[in-house]
Every structure is written in structure tokens, then in C-alpha cells.
Amino acid sequence: MGGDRPSLYFPAMKRSGLFFIFVVVVVGILSWRAAAWSKQRGEVRMGEGGTELRDLTDSGELSVPSAQKPVVKDDSDWLKTLKPDRYKVLRKGETERPFSGELLVENRDGWYVCHACGLPLFKSDSKFDSHCGWPSFDHPAAYANVRTKVDTAMGMERTEILCARCGSHLGHVFDDGPTATGLRYCVNSLSLDFKPMPSKSKVATDTAVFAAGCFWGVEKLFYETPGVLSTTVGYTGGHVPSPSYKLVCSGSTGHAEAVQVVFDPARVSYHTLAKLFFLSHDPTTRNRQGPDHGEQYRSAVFFHSPEQEKEAKAVRDSLVVAKTWSDPVVTEFVKELDFWKAEEYHQKWFLTHPVYCHRPAKL
Ligand SMILES: [Zn+2]
């Protein structure tokens, strides 16, 4: 009897052990696939993890992320404030007839905001003609502003998109977008209001160009700075006209990855931008930022006037005096040269990808 036991016991252990391993592997594969599918659908987003939303400022820019109270109303309140057709879409998740929406043909520069609460959801530069019958966008104005939810209605699994502040239904997001993000945010026109960009004719703008390593992170930093009106990533300081990213990466063109910043000097000074530039990267490492090696990652200020050169050098000197770094600063100061806009997929990269290479500096 005693001798029989092991032969009965161990095979049983083996079977349950194998079954356990099988379950672990299956669960692992399923969660990995779920994460991958979720990522494809844009559910893994930057800015996730709180109610830090971005509103619109008076000058028509996105504000810095801030904690915002959700807009909560009961159904009778929504019925009072929304017209019946908008109520059905925003609060009941219905879909407007294709090709019926007024905003389908809207092509001015501006913001598409939630009709129910005014939160900016999409910007005109992300709009494209998908021929599907509803306004379509390839990324939200700010990822945190658009919430996603699995929708199993209609006998299929889709990803519903909702306003992150008031929870109103917007439409769905699909992973068949034709642009670099691969996403198509298909939105009911009735869920949105359009706000044209305020006229900038009265604003006297200035530009600044900085190179501080990988331009994805540098652009994010300046884009989020109040008073900055627009940012463009590109290549400058080299000797080949209109270079491609591939060519720049080969190291044969002499270009640096740089960001061109258009700003309103009445709201943010060049001094502040230069300080942000110095404090957000390591200006003491020649041709290198963290793991990125090569001339394209050099630290450089491309000034367009003697005043900018003087100001940027004064910022450097004051930070050196304050012993901000233990090693000598190797940042180059170069008279502005041709700035070649980088490929579209590099522009606003941080909106669709996590970018950790640069940190906001405390000014
Ligand atoms: Zn809303």
C-alpha cells in the first residue's frame, strides 16, 4: 500500500502542477494580448492616472494640466440644458446619421470642444477626412481629456470615447487611422462645438530655437509652457538642405535636432525660455544627452539677434555662478541657420507616445 502511494500521488501532483502552469501561461498570454489590444486602441495614454485635465486659455491655447472637478448632473438637468438631438447622442450614446453633422465640413483653425461642458477635445490640426461620415481626428487635444471605455453594444467590441470631465458620449476610436498615430477618433458632430482660433493679428510674436537632445522631449517641454504659441521640431545647424531624419541620424549632415518655439513675448520672455532650456537638459555633455549619442543631440542655442545671444549667455552665466552643474557648460551659441521642419510623424510626438527624456524645470 505504502509503496503504491507515491505512484498515485506524484502523477496527480504532476497533473495539477501542469494544469497550474497551463493556467498561468494562458492568463499571461491573455493579459498580454489585452494590453496590446488596449494599447492599439489608444487606451494606454499619456497623462493617464488622474483628473488633471487641460482647458483652453483666453488666448486659445491649452492650459497646463490641472485638477478639475468632474461635471456631474442628473438626467433631468441634462434634458433641460441640451437640445433633444444632442441629448440623445451625448447622454444616451446614440449616433447621429452619417454625413449629417455640421462639423464634418469645418476646416478652419480652432478647437473642437465638448458641447456639454466646453472641455477642449480635439484640435483642427488632428482632423482628417476619413470618408466615414463623421468628423475624424487622429489624436485628442490632450489624452487625459478623452476617456475610453469598452463598448460591447451592437454585438461587437468597440472602444467608446467620452469627455473626461462630464462623461458625455463622443463616439468611438478605431485603430485603422491613416496617419502616424494609427488611430481614428470618429466623433459625432452633435457632441462637439467648434471654437475658431482667436485672431493673432494683434500679437507680436517672436521665435526661439533650441537644441537639447532628442527633440520629442524638448518640444513637449516648450509646448506646455504658457505663452508659447506653437512649436515645431526640425533640423538646423547642418550643411545639407532639407535633410531626412534618417540622414540626420547617419551623422553626415551636421544637423542638430532642434525645436522652433513661437512665443508671445508679452506673456513669456526669451529669458524664461532660455532658462527652461538650460535646466531641462544636461548642457555639460558634448554631443550627448543620456543614452543619445551623436552630433545631432548637441546642446545649442540658435539665436536670431544679438539680444537673444546676450540673454541666453547671461542665463548660462547666472546658472554657472549658482553652481547648477559641477562640469563646464559646453552649449554652443550659433547664429540662426536654416531650420528644416522634421517629418510629420515627429511633430507633437509626445501626444501619442510617452516621452521621458526631458523633465519640466522649476523656474
Ligand atoms: Zn464634457
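The preceding data block contains the structure.
This write-up is about the structure you can find in this document. (Residues numbered from 1 in each chain as written. Predicted model: local features only at pLDDT ≥ 70, side-chain atom pairs only at ≥ 80, totals over all residues.)

1. Looking at the overall build of the protein
Point 1. When its secondary structure is counted, the protein shows seven helices and 19 strands.
Point 2. Evaluated residue by residue, the protein yields a buried proportion of 35% over its 363 residues.
Point 3. Counted over contacts in the protein with a minimum sequence separation of 6, partners at least 24 positions apart contribute 68%. (Helix = DSSP H or I, 4+ residues; strand = E, 2+ residues; numbered from the N terminus. Buried ≥ 20, exposed ≤ 12 C-beta atoms within 10 Å, placed from the backbone. Contact = placed C-beta atoms within 7 Å.)

2. Here we look at the nonpolar core
Point 1. In this structure, Leu121, Phe210, Ala258 and Leu273 are the most contacted members of the largest nonpolar core, which totals 67 residues.
Point 2. Counting residues per element, this core draws most heavily on helix H6 (residues 270-280), which supplies six residues.
Point 3. Apart from residues no more than four positions distant in its own chain, Leu121 is found in contact with Tyr112, Val113, Cys114, Pro140, Ala141, Asn145, Val146, Cys163, Leu170 and Leu192. (Core = buried A, V, L, I, M, F, W, Y, C linked by C-beta atoms within 7 Å.)

3. A few points about the environment of Phe128
Point 1. With respect to the helices and strands, Phe128 occurs in strand E5 (residues 127-128).
Point 2. Note on Phe128: 14 C-beta atoms within 10 Å, which makes it partly exposed.
Point 3. Counting along the chain gives 21 residues from Phe128 to Asn107, while the straight-line C-alpha distance between them is 9.4 Å.
Point 4. Setting aside its immediate chain neighbours within four residues, Phe128 contacts Ser136, Asp138 and Thr179.

4. Here's the deal with the environment of Arg286
Point 1. As for its placement among the helices and strands, Arg286 is situated in the loop between H6 and strand E15 (288-289).
Point 2. Separated by 44 residues in sequence, Arg286 and Val330 have C-alpha atoms that sit 6.1 Å apart.
Point 3. Ignoring any residue separated from it by four or fewer positions in sequence, one finds Arg286 in contact with Arg298 and Val330.

5. Side note on the sheet that holds E5
Point 1. In spatial order, the strands read E5-E6-E10-E9-E8-E7; together these six strands make up an open sheet with antiparallel pairing. Whereas interior strands pair on both sides, the edge strands pair on one side only; in this sheet they are E5 and strand E7 (146-151).
Point 2. In the sheet, E7 pairs with strand E8 (residues 158-163) via six bridges, with the strands oriented antiparallel. Along E8, the bridge assignment pairs Lys149 with Glu160. (Pairing = 2+ DSSP bridges.)

6. Considering the sheet that holds strand E4 (residues 120-123)
Point 1. Taken in spatial order, the three strands make up an open sheet running E4-E3-E11, and their pairing is antiparallel. The sheet terminates laterally at E4 and strand E11 (192-196), the two strands that pair on one side only. Averaged over neighbouring strand pairs, the angle between their axes works out to 30 degrees when direction is ignored.
Point 2. Looking at chain direction, strand E3 (residues 110-114) and E4 are connected through three bridges and run antiparallel. Residue pairing for E4: Val113 is matched across the bridge by Pro120. (Axes fitted to C-alpha atoms, helices over the stretch in contact; angles between N-to-C directions.)

7. Examining the pairing of strand E10 (residues 184-187)
Point 1. Both faces of E10 are covered, namely the face carrying Arg184 and Cys186 and the face carrying Tyr185 and Val187.
Point 2. Judged from the four bridges that link them, strand E9 (residues 169-174) and E10 form a sheet pairing that is antiparallel. Bridge pairing in E10 links Gly171 to Val187.

8. Some words on unusual backbone geometry
Point 1. The phi dihedral of Phe99 falls on the positive side, at around 60 degrees, and the residue is not glycine.
Point 2. You can see Phe99 is positioned in the loop between helix H3 (84-90) and E3.
Point 3. Judged by C-beta crowding, with 12 C-beta atoms within 10 Å, Phe99 ranks as exposed.
Point 4. One non-glycine residue, Asn287, lies in the positive phi region at around 55 degrees.
Point 5. Here Asn287 is to be found in the loop between H6 and E15.
Point 6. Judged by the 16 C-beta atoms lying within 10 Å of it, Asn287 is partly exposed.

9. Regarding helix H4 (residues 215-223)
Point 1. Most of H4 is tucked away, with eight of its nine residues classed as buried.
Point 2. Listing the buried residues of H4 in full gives Phe215, Trp216, Gly217, Val218, Glu219, Lys220, Leu221 and Phe222.
Point 3. Looking at the buried side of H4, the elements it contacts are strand E12 (206-212), strand E13 (228-236), strand E14 (256-263) and H6.

10. Side note on the packing of H6 against helix H7 (residues 306-321)
Point 1. Interhelical geometry of H6 versus H7 gives an angle of 50 degrees and a closest axis separation of 9 Å. Looking at the two axes, H6 sits oblique to H7. Classified by chirality, the crossing of H7 by H6 is right-handed. Taken together, the residues of H7 that come into contact with H6 (itself represented by Tyr270, His271, Ala274, Lys275 and Phe278) are Gln308, Glu311, Ala312, Val315, Arg316 and Leu319.
Point 2. When the residues that make up the contact of H6 with H7 are grouped by side-chain class, the tally is six nonpolar, two polar and three charged. (Parallel < 35°, antiparallel > 145°, perpendicular 65-115°, else oblique. Left-handed = near helix turned anticlockwise from the far one by under 90°. Nonpolar A, V, L, I, M, F, W, Y, C, P; charged D, E, K, R; others polar.)

11. Describing H7
Point 1. Between the first and last C-alpha of H7 there are 22 Å, a value that for 16 residues agrees with the 22 Å anticipated at 1.5 Å per step.
Point 2. Of all the residues in H7, the buried ones are Gln308, Glu311, Ala312, Val315 and Arg316. Here the buried residues of H7 occupy an arc of 135 degrees about the axis, which is enough to place them on one side. Set apart from the buried face of H7 by more than 90 degrees, the exposed residues are Pro306, Glu307, Lys310, Ala314, Asp317 and Val321.
Point 3. Turning to H7, the residues buried within the fold contact E12, H6, strand E17 (299-303) and strand E18 (332-335).
Point 4. Looking one or two residues past H7, Lys323 carries a phi angle of roughly 55 degrees, positive in sign. (Expected span 1.5 Å × (residues − 1). Arc of directions from axis to C-beta.)

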